[in-house]
Amino acid sequence: MGANDLLFTRAKQSIPGGVNSPVRAYGSVGGTPRFLVSARGPFVTDAEGREYVDLVSSWGPAILGHAHPAVVAAVQEAAARGLSFGASTPAETELAELVRERVHVVDPRGEDQRPIEKLRLVSTGTEATMTAIRLARGATGRELLVKFAGHYHGHSDALLAEAGSGVATLAMPGSAGVTAATAAQTLVLPYNDLDAVRAVFAERGANIAGVIVEAAAANMGVLAPERGFNRALAGIARENGALLILDEVLTGFRVGPAGWWGLEAARVVPDGAGWKPDLVTFGKVIGGGMPLAALGGRADIMDLLAPLGPVYQAGTLSGNPVAVAAGIATLRAADAAVYRRLDTVADLIADAVSAALSAEGVEHTVQRAGSLFSFAFAPTAPRNYADVRAQQAFRYPPFFHAMLDAGVLLPPSVFEAWFVSAAHDDAAVARILEALPAAARAAAAA
Ligand code: PLP
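Residues numbered from 1 in each chain as written. Predicted model: local features only at pLDDT ≥ 70, side-chain atom pairs only at ≥ 80, totals over all residues. Heavy atoms only, no water.

1. What to know about the nonpolar core
Thought 1: Of all hydrophobic cores here, the largest spans 117 residues; its most connected members are Val99, Phe148, Phe282, Ile349, Phe399 and Trp418.
Thought 2: For this core, the leading source of residues is helix H12 (residues 336-359), giving 11 residues.
Thought 3: Not counting chain neighbours up to four residues away, the residues in contact with Phe399 comprise Val353, Leu357, Leu410, Trp418, Leu436, Ala439, Ala440, Ala442 and Ala443.
Thought 4: Within the second largest apolar cluster, 20 residues are counted, among which are Val122, Ile133, Leu279 and Ala293. (Core = buried A, V, L, I, M, F, W, Y, C linked by side-chain atoms within 4.5 Å. Buried < 20%, exposed > 50% of the residue type's maximum accessible area, 1.4 Å probe, protein only. Helix = DSSP H or I, 4+ residues; strand = E, 2+ residues; numbered from the N terminus. Contact = heavy atoms within 4.5 Å.)

Quick look at the structure:
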């Protein structure tokens, strides 16, 4: 038995399933999870001293690579001044201003679009989306929420229905412990289906508080919205007095400086009109690897939060100074060159994986949303969760393990995105490319 096996056996005695987040247990790929002890740049090292090129990147935050010197220095300096005060700090305002400034585009009409007028910091993406839907309900006085099948917005009760990520990996329809009354207030629709959205608003629009959507779905593998889908959602919500919550926890500051919204809003559209979500949630990159997330949006809605308004939200560690320092350092370092590198690395790896699978005759589609990508073992590109589920998912575990054996750590589920970083240099990419032929053979043989 190696160190990873021993650690997993021991962890299972004290921690449910041996993990603190389900996908880490390798349930859908089998085998023993790697226990990681350190990480630097594009690499992680496990308890047996083996180094892997990392394509998980902490599920998104490590956009600059692991232990980036500027981020580590900022964290060390902040930590030396005190870990948590439970009071306001100057840096929280600095981060809020940074986000407000960063998330803007000049749209095709030349208008400056700024969806983030105010921002509140929380500690996890789950809290951000949970608060956003409470805010939508508080603002509208309505109860129902629309979400899309296969989208993951964290693990609050209202959002677990037909969710992506670990819920998809475990093929769960929802979660035990969520009351029927709560589940009934979440209406789950197929993704990319505007007719379904219009139909549900026609029938129950007067009771719908909001629509929540991943800016580009990336928790059932990557599945970008069809062109105009998000913009149409914003329009339908507005016409019906409901709010659009754009969940950029995963895409925000990763696919571009202004997130997925920034990519879409800057595009030329037929009538030239721009669009803005009412509320936006952030997580992952905004904390640079520390527990930090946020929700932001229209000032009139955000000001409904306590202490100004009647919608309660709070947190002992909200705006934690060490996490905020990591977030500021990460956003400041994530410049145009970083985003160019992410796109280049994503192109190189996605093309190479696709070529390797094709060479072995493995049917697949390349799923892209900016620098996020994944692969579906299907003949045609999926449009929604039902399509994603219909793929030959059994081809992924042998592919995953062949890559792991060759020193490349992929997400341990076919229903997750692959995350690159700006630290993935040519040597790291070369290691990935070398591993591909054997992995593609393993997928073909499955
Ligand atoms: N929203 C999206 C789109 C996510 O991808 C995630 C996590 O993967 C969340 C929300 C929840 O964030 P957290 O895991 O920080 O609670």
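2. Some details on the pairing of strand S11 (residues 279-282)
Thought 1: A two-sided burial pattern is seen for S11, the buried positions comprising Leu279 and Thr281 on one face and Val280 and Phe282 on the other.
Thought 2: Alignment of strand S10 (residues 243-247) against S11, held across three bridges, turns out to be parallel. The partner of Asp247 across the bridge, within S11, is Thr281. (Pairing = 2+ DSSP bridges.)

3. Side note on the packing of helix H14 (residues 396-405) against helix H15 (residues 426-445)
Thought 1: Closest axis-to-axis distance for the H14/H15 pair is 8 Å, and the angle between their directions is 145°. As H14 runs across H15, the sense of the crossing is right-handed. Within the contact between the two elements, H14 uses Pro398, Phe399, Ala402 and Met403 and H15 uses Ile432, Ala435, Leu436, Ala438, Ala439, Ala440, Ala442 and Ala443.
Thought 2: Class assignment of the residues belonging to the contact of H14 with H15 gives a composition of 12 nonpolar, no polar and no charged. (Axes fitted to C-alpha atoms, helices over the stretch in contact; angles between N-to-C directions. Left-handed = near helix turned anticlockwise from the far one by under 90°. Nonpolar A, V, L, I, M, F, W, Y, C, P; charged D, E, K, R; others polar.)

4. Quick look at the sheet that holds strand S1 (residues 36-40)
Thought 1: What the four strands build is an open sheet, ordered S1-S2-S3-S15; its pairing is mixed. At either end of the open sheet lies a strand with only one pairing partner, and these are S1 and strand S15 (408-409).
Thought 2: Bridge count for strand S3 (residues 51-54) against S15 is two bridges, and the pairing is parallel. Residue pairing for S15: Asp54 is matched across the bridge by Leu409.

5. Describing the environment of Arg34
Thought 1: Tracing the backbone through its elements, the reader meets Arg34 in the loop between helix H1 (3-14) and S1.
Thought 2: Separated by 10 residues in the primary sequence, Arg34 and Arg24 place their C-alpha atoms 8.8 Å from one another.
Thought 3: Those residues in contact with Arg34 that lie beyond four places of it in its chain are Asn4, Tyr26, Asp46, Tyr52 and Leu404.
Thought 4: Here Thr32 takes part through its backbone oxygen, which lies 2.6 Å from a polar atom of the side chain of Arg34. (Polar contact = N/O pair within 3.5 Å; in protein donor to acceptor, adjacent residues only side chain to side chain.)

6. Description of the sheet that holds S11
Thought 1: The sheet built from seven strands is open, its strands ordered S6-S12-S11-S10-S9-S7-S8 with mixed pairing. Strands at the two margins of the open sheet, each flanked by one partner only, are strand S6 (118-122) and strand S8 (186-189). Here the strands of the sheet are splayed against their neighbours by 20° on average, with no regard to which way each runs.
Thought 2: The sheet contact formed by S6 and strand S12 (residues 293-297) spans five bridges and is antiparallel. Bridging from a neighbouring strand, Leu119 pairs with Gly296 of S12.
Thought 3: Set on the sheet, helix H8 (residues 229-239) makes contact with strand S7 (144-148), strand S9 (208-214) and S10; between it and S10 the angle comes to about 150°.

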